[in-house]
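Residue-level listing of the chains:
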Amino acid sequence: MFDVGRALAVLRRAMPAWQAPVVAEFARERRDPFSILVSCLLSLRTRDETTGPASRRLFRLAETPAALLRLSSRTIERTIYPVGFYRTKARTLRALAQTLLDHHRGRVPTDLDALLALPGVGRKTANLVLTEAFDLPGICVDTHVHRITNRWGYVTTRTPSATEMALRATLPRREWRGLNTLLVAFGQTICRPLSPRCSSCPLNAVCPRRGVGRAR
Ligand code: SF4
């Protein structure tokens, strides 16, 4: 049986050598739930190298829901370009700001269901905001967490949402915090989607490499 606690401890020790994911960097830098929520939305289907500068450009113009609403969709589009789906995201950001002002006194809510009811917010974003912005328990499963925990054989699932449910059932709560940040950094650096770098992986001796074909 794969010892997930030990594996995560090994990765935590190796983590300082890897680039932290952009949303985690913002969480460290800004400590502001609205900025973290906005950078999560910008990061969807977008590489970190693009999300980081686009988020900073937008935060220079607007740091609150009220300030964001004063910007036109066109201005937001131009500011966040070239993030993926920048036109849709510009409209979603304005709708999000309006909803926060109308229903949450301009604040980001702190519970999962209220977050999931916000425009543009799915389970991945909601869980990431809970953990990164509020230090609350949550498991944010994106493609990295889904792929890696399946390669370990710790879960056997077909979709990220099934992985989230499986991890919620089996992963000890003390391991939830920081799981996404750790596995995204690991997935971008070593356990990459295509051709993972197994020969330089600190888990090489213990990983069953389920579903891994070509590896380096
Ligand atoms: S040994 Fe390979 S498949 Fe297993 S965690 Fe490391 S990089 Fe990923």
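What counts as what
Residues numbered from 1 in each chain as written. Predicted model: local features only at pLDDT ≥ 70, side-chain atom pairs only at ≥ 80, totals over all residues. Heavy atoms only, no water. Helix = DSSP H or I, 4+ residues; strand = E, 2+ residues; numbered from the N terminus. Rg over C-alpha atoms; globule rule 2.2 N^0.38 Å. Buried < 20%, exposed > 50% of the residue type's maximum accessible area, 1.4 Å probe, protein only. Contact = heavy atoms within 4.5 Å. Areas by Shrake-Rupley, 256 points an atom, 1.4 Å probe, with all protein chains shown as cover. Lys, Arg positive; Asp, Glu negative; His and termini not counted. Charge placed at Lys NZ, Arg CZ, Asp CG, Glu CD. Domains from an automatic or database assignment. Buried area = accessible area lost by both parts, 1.4 Å probe. Salt bridge = Lys/Arg side-chain N within 4 Å of Asp/Glu carboxyl O. Polar contact = N/O pair within 3.5 Å; in protein donor to acceptor, adjacent residues only side chain to side chain. Arc of directions from axis to C-beta. Near = heavy atom within 4 Å. Nonpolar A, V, L, I, M, F, W, Y, C, P; charged D, E, K, R; others polar.

Engineer: When you look at the overall build of the chain in this model, what are you seeing that I'm missing?
Structural biologist: The helix and strand inventory of the chain stands at 12 helices and zero strands. In sequence order, the secondary structure elements of the chain are arranged as α-α-α-α-α-α-α-α-α-α-α-α. Computed over the C-alpha atoms, the radius of gyration of the chain is 18 Å, within 12% of the 17 Å expected from 2.2 N^0.38 for a compact globule of 216 residues. Oriented by its inertia axes, the alpha-carbon framework of the chain measures out at about 55 × 30 × 30 Å. Counting over 216 residues, the chain shows a buried share of 50%. Put simply, of all contacts in the chain between residues at least 6 apart along the chain, 58% involve residues at least 24 apart. Only carbon and sulfur atoms are counted for the fraction: they give 51% of the accessible area of the chain, which is about 10900 Å². One way to put it: in the chain the 35 positive side-chain charges average out to a point 6 Å from where the 16 negative ones average out.

Engineer: Would you take a moment to explain the domain arrangement of the chain for this structure?
Structural biologist: When cut into domains, the chain gives domain 1 (4-18 + 139-200) and domain 2 (22-134). A straight line from the C-alpha centre of domain 1 to that of domain 2 covers 24 Å. If you look at the interface, domain 1 gives 10 residues, while domain 2 gives eight residues. For the pair domain 1 and domain 2, the summed buried surface comes to about 740 Å²; carbon and sulfur atoms form 52% of the total.

Engineer: When you look at the pattern of salt bridges in this model, what are you seeing that I'm missing?
Structural biologist: Oppositely charged side chains can pair when the atoms bearing their charge come close. Per the stated rule, a full pass over the model turns up nine salt bridges. Here Asp-3 ties to Arg-6 by a salt bridge, and the two come within 3.9 Å at their closest N and O atoms. Since its relative accessible area comes to 42%, Asp-3 is described here as partly exposed. As a salt-bridge pair, Arg-177 and Asp-135 come within 2.5 Å of each other at their nearest N and O atoms. Taken together, the residues span a long stretch of sequence, with Arg-177 in the loop between helix H11 (160-170) and helix H12 (179-189) and Asp-135 in the loop between helix H9 (123-134) and helix H10 (143-151) at a distance of 42 residues. Each of Arg-74, Glu-77 and Arg-87 takes part in salt bridges that share partners, so that together they form one network.

Engineer: Teacher, can you tell me more about H12 here?
Structural biologist: Helical periodicity: at 3.6 residues per turn, an α-helix aligns residues three or four positions apart in one direction. For H12, the tally of buried residues reaches nine of 11 residues, placing the bulk of the element in the interior. Among the residues making up H12, those that are buried are Leu-179, Asn-180, Thr-181, Leu-182, Leu-183, Val-184, Ala-185, Phe-186 and Gly-187. Where H12 is buried, its residues meet helix H1 (4-14), helix H2 (22-30), H9, H10 and H11.

Engineer: Honestly, the side chain of Asn-127 in this entry has me stumped. Any pointers?
Structural biologist: Relative to the assigned elements, Asn-127 resides in helix H9. Within the structure, the side chain of Asn-127 is placed 3.3 Å from the side chain of Glu-164, a separation counted as a polar contact. The residues contacting Asn-127, other than those within four sequence positions of it, are Leu-112, Gly-138, Ile-139, Cys-140, Glu-164 and Arg-168.

Engineer: In this structure, what is going on with H1? I would like to understand it.
Structural biologist: The complete set of buried residues in H1 reads Val-4, Ala-7, Leu-8, Val-10 and Leu-11. The arc enclosing the buried residues of H1, seen along the axis, measures out at 160 degrees, which places them on a common side. Along H1, the residues that are exposed and aim more than 90 degrees away from the buried face are Arg-6 and Arg-13. On its buried face, H1 sits against H12.

Engineer: Sorry if this is basic, but what is going on with the site of the ligand here?
Structural biologist: The environment of the ligand is made up of Arg-151, Trp-152, Phe-186, Ile-190, Cys-191, Pro-196, Cys-198, Cys-201, Asn-204, Cys-207, Arg-209 and Val-212. Broken down by class, the residue content of the shell around the ligand amounts to nine nonpolar, one polar and two charged.

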